Amino acid sequence: MTEDNGYLLDNRQSEAGERFDALAELFDDSTFRHFDALGLTSGHRVWEVGAGGLSVPAGLAERVGPQGYVLATDLDTGWLTGVTPSPNVEVRRHDVGQDEAPAQTFDFVHARLVLVHVTDRARALRTMAGALRPGGVLLVEDADPALQPLLCPDEYGPEQERANRLRRAFRQLLAERGADLSYGRKLPRLLRESGLERVEADAYFPVTSPAGAVLEAATVRQVRNRLVDRGLADDEEIERHLASVAAGRLDLATSPMISAWGRRPA
């Protein structure tokens, strides 16, 4: 992620690991499907931006093989350092919103759930696009919470109403910290404006799953003090919501994940 004291979901908090595992279960299949469809293969050199946890670097390393190379960067590499999934993965601290691109060029550059939180998103996108070799692919996957704002799309009772009220409060915190809650839908246009060709995009979001419940509980625990301090929720309301999540009575949807990709002209 970018170095920004306003970042709401700090990777240094203990809940970050739970969130990484849940996000991997929710979205890795979709992400890896895009890797395969876009021709990621043995020998490719890849930059994974804002890697967070290990699952995506591991999936990339498996696809590029021992002749390939994966550079996994993040502002906070604590969840990556010392447990790299393969010898062809290098971990490096890097702030995509402020730092220059790595010196080498890449066949494939990927970022998931990164740019929506970066203050200078335009610079970050230029940095990633500029790191591509001619013909290289940039795949950016980011959420669009404004496109589907509900945690419980089927709001049929008080528990679901409470869940959606807390989701609105969480979205308010994100917006106050500079997150662009409609960023995902802009990606196709932004990739074209970055000079990429053959731009396409699709969207995916789970509507209910065990991993969604894990993600919700970890996220709420991570931000509960901020919700209470801002007067957006009280402790009793949060405890009731966490109990509903733990009991499995809620169908918890994610925001749509917009996957957009394009190629640098050859």
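Further up the page is the structure itself.
Residues numbered from 1 in each chain as written. Predicted model: local features only at pLDDT ≥ 70, side-chain atom pairs only at ≥ 80, totals over all residues. Heavy atoms only, no water.

## A word on the sheet that holds strand β7 (residues 257–263)
Thinking step 1. On the basis of which strands lie adjacent, the open sheet formed by 7 strands has the order β3-β2-β1-β4-β5-β7-β6 and mixed pairing. Looking at the sheet topology across the chains shown, the edges are occupied by β3 (89–93) and β6 (197–204). Going from strand to strand, the sheet's axes swing by 15° on average, the running direction of each strand aside.
Thinking step 2. In this structure, strand β5 (residues 132–143) lies alongside β7, joined through 7 bridges in antiparallel fashion. Across the sheet, Leu139 pairs through a bridge with Trp261, a residue of β7.
Thinking step 3. Packed onto the sheet, helix α1 (residues 15–37) meets β4 (106–112), β5, β6 and β7 and runs at close to 150° relative to β4. (Pairing = 2+ DSSP bridges. Helix = DSSP H or I, 4+ residues; strand = E, 2+ residues; numbered from the N terminus. Axes fitted to C-alpha atoms, helices over the stretch in contact; angles between N-to-C directions. Contact = heavy atoms within 4.5 Å.)

## Side note on unusual backbone geometry
Thinking step 1. With a phi angle near 55°, Leu113 is a residue other than glycine that sits in the positive phi range.
Thinking step 2. Here Leu113 is to be found in the loop between β4 and α3 (121–130).
Thinking step 3. Among the residues examined, Leu113 registers a relative accessible area of 21% and is labelled partly exposed.
Thinking step 4. Located in the positive-phi region is Arg198, a residue other than glycine, with phi close to 55°.
Thinking step 5. In this fold, Arg198 is placed in strand β6. (Buried < 20%, exposed > 50% of the residue type's maximum accessible area, 1.4 Å probe, protein only.)

## As for empty space enclosed by the protein
Thinking step 1. On inspection of all chains with the given rule, the structure shows 4 cavities of 30 Å³ or more.
Thinking step 2. Its volume calculated, the largest cavity comes out at about 80 Å³.
Thinking step 3. Ala163, Leu166, Arg167, Phe170, Glu216, Thr219, Val220, Val223, Leu227 and Ile238 together form the lining of the largest cavity.
Thinking step 4. Among the elements of the structure, α4 (158–176) and α6 (210–229) are those that each provide at least two residues to the lining of the largest cavity.
Thinking step 5. With 5 residues, α6 is the largest single contributor of residues to the lining of the largest cavity.
Thinking step 6. Grouping the amino acids of the lining of the largest cavity by side-chain chemistry returns 7 nonpolar, 1 polar and 2 charged. (1 Å grid on protein atoms, 1.4 Å probe; cavity = no way out; pocket = protein on both sides within 12 Å on 5 of 7 lines; lining within 4 Å. Points joined across faces, edges and corners; volume = space filled by probe spheres on them. Nonpolar A, V, L, I, M, F, W, Y, C, P; charged D, E, K, R; others polar.)

## A closer look at the nonpolar core
Thinking step 1. Counting 26 residues, the largest nonpolar core has Trp47, Leu115, Leu125, Met128 and Leu138 as the members making the most contacts within it.
Thinking step 2. Within the residue set of this core, elements represented by two or more residues are β1 (45–49), β2 (69–74), β4, α3, β5 and α5 (187–193).
Thinking step 3. Excluding residues that lie within four positions of it along the chain, Met128 makes contacts with Trp47, Val49, Val96, Val109, Ala111, Leu115, Leu138 and Val140.
Thinking step 4. Judged by nonpolar contacts, the second largest core, of 20 residues, contains Phe170, Leu173, Ala217 and Leu227. (Core = buried A, V, L, I, M, F, W, Y, C linked by side-chain atoms within 4.5 Å.)

## Describing α6
Thinking step 1. Its 20 residues place the ends of α6 29 Å apart at the C-alpha level, agreeing with the 28 Å of an ideal helix rising 1.5 Å per residue.
Thinking step 2. Along α6, the largest kink reaches about 55° and is centred on Val223.
Thinking step 3. When α6 is considered as a whole, its buried residues turn out to be Ala211, Gly212, Leu215, Glu216, Ala217, Ala218, Thr219, Val220, Gln222, Val223, Arg224 and Leu227.
Thinking step 4. Residues of α6 that are buried sit in contact with α1, α4 and α7 (235–247).
Thinking step 5. Within two residues after α6, Gly231 carries a phi angle of roughly 75°, on the positive side. (Expected span 1.5 Å × (residues − 1). Bend = angle between axes of the 7 residues up to and from the residue.)

## With respect to the packing of α4 against α6
When two helices pack together, their arrangement is given by the angle between the helix axes and the distance between those axes.
Thinking step 1. It is the contact of α4 with α6, at a shortest axis distance of 11 Å, that shows an interaxial angle of 65°. As for how α4 packs across α6, the hand of that crossing is left-handed. Taken together, the residues of α6 that come into contact with α4 (itself represented by Arg167, Ala169, Phe170 and Leu173) are Glu216, Thr219, Val223, Arg226 and Leu227.
Thinking step 2. Class assignment of the residues belonging to the contact of α4 with α6 gives a composition of 5 nonpolar, 1 polar and 3 charged. (Left-handed = near helix turned anticlockwise from the far one by under 90°.)

## Topic: the pairing of β1
Successive side chains on a regular strand alternate, one facing one side of the sheet and the next facing the other.
Thinking step 1. Across the 5 residues of β1, 4 count as buried, placing the element largely inside the fold.
Thinking step 2. Of the pairings in the sheet, the one linking β1 to β2 comprises 5 bridges and is parallel in character. Within β2, the position partnered with Trp47 by the bridge is Leu71.
Thinking step 3. Following the backbone out of β1, through helix α2 (residues 55–64) and into the adjacent parallel β2, one traces a crossover that is right-handed.
Thinking step 4. Strand direction decides the pairing type here: β1 and β4, joined by 4 bridges, are parallel. Bridged to Val46 within β4 is Phe108. (Right-handed = clockwise from strand over helix to strand, strands pointing away.)

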